[in-house]
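Architecture at a glance
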Amino acid sequence: MGLLILIVIISVLSGILYWIHRKQYRFADKWPTFEPVFPLLGNTLMMVGKSDVERFEVIRQLFQESDRIIKAWAGPKLFLLTSHPDLIQQLLNSPDCLEKPFLYKFAGFGKGLFTAKYHFWKGLRKRLNGTFNQQVVNGFVPLFVKCAEKMVAGLNEHVDGATVNVHKNTEVAFLEMACATTLGGDVLERAGKNEFAKGLDLAFKGASKRMISPYLYPDAVYRLTNHYNELMSARKIVVDFFLELVSERRQYLSNNNNYDDSVGYFGEEKDETTSDQPRIFVDELLKVSRDGKTFSETEITDNMYAVITGAVDTSSLVTAHACLFLSFYPEVQDRLFKEVDEFYPADCACLDFSPATLKQLRYTEMFLNEVQRHWPVVPSIARQNIAAIEIDGVRVPPGQTFIIGINALHHRKDVWGPDAERFDPENFSEERIKQRHSYAFLPFSGGKRICIGYKYAQIAMKIVMIYLVRNFKFSSKIKPKDVRFKHDLTMKLAFDHLVQITKRNPTN
């Protein structure tokens, strides 16, 4: 009798939970569901037992299943997926869809621009907008050049025709750039640099692992795993390194009479427009803003982490991807070299990296855009609506998670034409751009939460590509048909970026 009563209770409770769940998501009945879907487990079984490469293909297939919106379930949690430019434009520009969903909290550093909740982010973005404006980014150019020259010097140490993992080289170059422009000086020459670099890598990978693993979503489960302990240790290494540098920077600026003892932070510089020194990001964080507010230590360290990881893991991948595309398409490589050689010939000792000159490298820009179209560094982004919205004729209640497929968007044939899979930098000619949807190409997201450092990334990547193409010719045994990606936060290849480098100026 007792067992019978227990069965009845469980059945009733299950029925109630199902009814509540069904009622909660009934609004989405219009949209198709990705199959197969299982009670309580949703679509997660499709990921069980699969490699990261197979998981990437599942996600790609998922976005291809529907023209507009399709439902997917991470356990009982509903995700609404879309790659349609009209819907993406609506979502990214809606004042009611500026929230980052729960997935982003797994990245930690919650007071930084990348993961901050909307109400905190709104004020933070306003205070930091000026830190990456065009004038500030132009001031970073000498640092970009210095790091690019150092990267080329390292590659030149290899014998002619050597096979190298070019991503390892671009990763170091962009880490040095990010640290120099964020923290100031040659911070990677100091004690603890190796632990710091490793900590950055582990912190990003740890967050990535959790975001793509629904079984790790519950805190109670995650805290019992080794992943949690490794992530916490990595974050502590990064924060301790930041705090030590912040303390030293305060002292340095204090010794140079740029410290306001009355508030304990640095005031505005008297004349920033005439200074030849780049405006280092940590200095901007240490200032008293024009509204009289100061950043806490947590806000400082979280935003330093956001800027450094954002710069390194994205830009380094794009330029490494670019080297493979040059290997795939020799005719593109020849045309790119011709343009670079016109403005930066091998026998020219004094190179002009002024904004006016960089702007003239139009084909270089078109090429990098086409690289990012084919292999966007961030394959998808997510948003949550903080108020009810109407999309596709459906009233969507607040708190829903939308997954926006950037990779899928960049390969839609109804947007890019029947040859969408063909690599063609001419896709970014002025004529074709005018004919295309304004939200067809989103390498840095879009709308109000567009990446704050996109101007920084565009110039830094262009300078690195100039140095790479000017000094080396690339080939590879990897062929386009061999390319596979792993399921991750960023578009990482399933294998190393192995290319053969031939020196264009072997005597230099």
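Along each chain, residue indices are assigned from 1 in the same order as the chain's sequence is written. Under the rules for a predicted model, residues below a pLDDT of 70 receive no local features and side-chain atom pairs below 80 are neither given nor counted, while totals for whole chains, interfaces and linings still include all residues. Side-chain measures were taken over the full set of non-hydrogen atoms in the model, leaving aside hydrogen atoms and water.

Topic: the sheet that holds strand 2 (residues 77-82)
Note the cut-off: Strands were regarded as paired on the criterion that DSSP finds at least two bridges between them. Helix and strand assignments follow DSSP, with helices taken as H or I runs no shorter than four residues and strands as E runs no shorter than two, numbered in order from the N terminus. Axis angles are defined between N-to-C directions and span 0 to 180 degrees, where every axis is a line fitted to C-alpha atoms and, for a helix, only to the segment in contact. Contact criterion: two residues are considered in contact whenever any of their non-hydrogen atoms come within 4.5 Å of each other.
Ordered by their spatial adjacency, four strands build an open sheet running 1-2-7-4, and the pairing between neighbours is mixed. The sheet terminates laterally at strand 1 (69-74) and strand 4 (380-384), the two strands that pair on one side only. Between one strand axis and the next, the sheet turns by 30 degrees as a mean value, whatever way the strands run. Against the sheet, helix 3 (residues 85-93) engages strand 1, strand 2, strand 4 and strand 7 (401-405), with an angle of about 130 degrees to strand 7.

Describing the sheet that holds strand 3 (residues 163-165)
Across the sheet, three strands lie side by side as 3-9-8; this open sheet has antiparallel pairing. With partners counted over all chains shown, the strands left at the sheet margins are strand 3 and strand 8 (472-475), one partner each. Looking at each pair of strands side by side, their axes are set apart by 45 degrees on average, direction ignored. Relative to strand 9 (residues 498-503), strand 8 is paired through four bridges, and the arrangement is antiparallel. By the bridge assignment, Lys-473 is partnered in strand 9 with Thr-502.

Focus on a positive patch on the surface
Going by this rule: Within the patch definition used here, like charges are joined within 9 Å and nonpolar side chains (Val, Leu, Ile, Met, Phe, Trp, Tyr) within 5 Å, considering only residues with over 30% relative accessible area and no salt bridge. Here the open area of atoms and residues is found with the Shrake-Rupley method and a 1.4 Å probe, where only the protein chains shown may cover a residue. A pair is scored as a salt bridge if a Lys or Arg side-chain nitrogen falls within 4 Å of a carboxyl oxygen belonging to Asp or Glu. His is not counted, nor are the chain ends, whereas Lys and Arg count as positive and Asp and Glu as negative. Here the site of a charge means atom NZ of a Lys, CZ of an Arg, CG of an Asp or CD of a Glu. Burial classification: accessible surface area is computed with a 1.4 Å probe over protein chains only, and a residue below 20% of its type maximum counts as buried, one above 50% as exposed, and the rest as partly exposed.
Together, Lys-122, Lys-126, Lys-293 and Lys-448 line one region of the surface with positive charge. Among the structural elements, Lys-126 can be located in helix 4 (residues 118-128). For Lys-126, a relative accessible area of 70% corresponds to the exposed category.

A short note on the UniProt feature "binding site: heme" (unreviewed entry) in the chain
So the rule is basically this: UniProt positions are given in the numbering used here, feature names are shortened, and annotations may be inferred rather than shown by experiment.
Cross-referencing UniProt, the feature "binding site: heme" (unreviewed entry) maps to Cys-451 in the present numbering. The exposure class assigned to Cys-451 is partly exposed, which follows from its relative accessible area of 33%.

A few points about the environment of Phe-402
As for its placement among the helices and strands, Phe-402 is situated in strand 7. Classification of Phe-402 by relative accessible area gives buried; the value is 1%. When the C-alpha positions of Phe-402 and Ile-381 are compared, they lie 8.4 Å apart, and in sequence the two are 21 residues distant. Not counting chain neighbours up to four residues away, the residues in contact with Phe-402 comprise Leu-80, Leu-91, Ile-381, Ala-382, Arg-383, Asn-385, Ile-389, Ile-391 and Val-396.

Some remarks on the nonpolar core
The tendency in soluble globular proteins is for nonpolar side chains to be buried as a group. Our working definition: Buried Ala, Val, Leu, Ile, Met, Phe, Trp, Tyr and Cys residues that are joined via side-chain atoms within 4.5 Å together make up what is termed a nonpolar core.
Met-304, Ile-308, Phe-353, Phe-367, Trp-375, Tyr-456 and Ile-463 are the most contacted members of the largest nonpolar core, which has 106 residues in total. Ranked by residues supplied to this core, first place goes to helix 11 (residues 297-328) with 16 residues. Among all residues touching Ile-463, those that are not within four sequence positions of it are Val-141, Phe-144, Val-145, Ala-148, Phe-353 and Leu-358. Core analysis: the next-biggest nonpolar cluster, separate from the first, contains 42 residues, Trp-31, Leu-87, Leu-103 and Leu-409 among them.

What about the pattern of salt bridges?
Applying the stated criterion across every chain yields a total of 19 salt bridges. For Lys-150, the salt bridge goes to Glu-176, with nearest N and O atoms at 2.9 Å. With Lys-150 in helix 5 (residues 134-156) and Glu-176 in helix 6 (residues 166-183), this pair connects stretches of sequence that are 26 residues apart. The class of Lys-150 is partly exposed, set by a relative accessible area of 43%. A relative accessible area of 15% means that Glu-176 is categorised as buried. A salt bridge links Asp-482 to Lys-481; its shortest N-O distance comes to 3.4 Å. In the salt-bridge network here, residues are joined through shared partners; they are Asp-67, Arg-412 and Asp-414.

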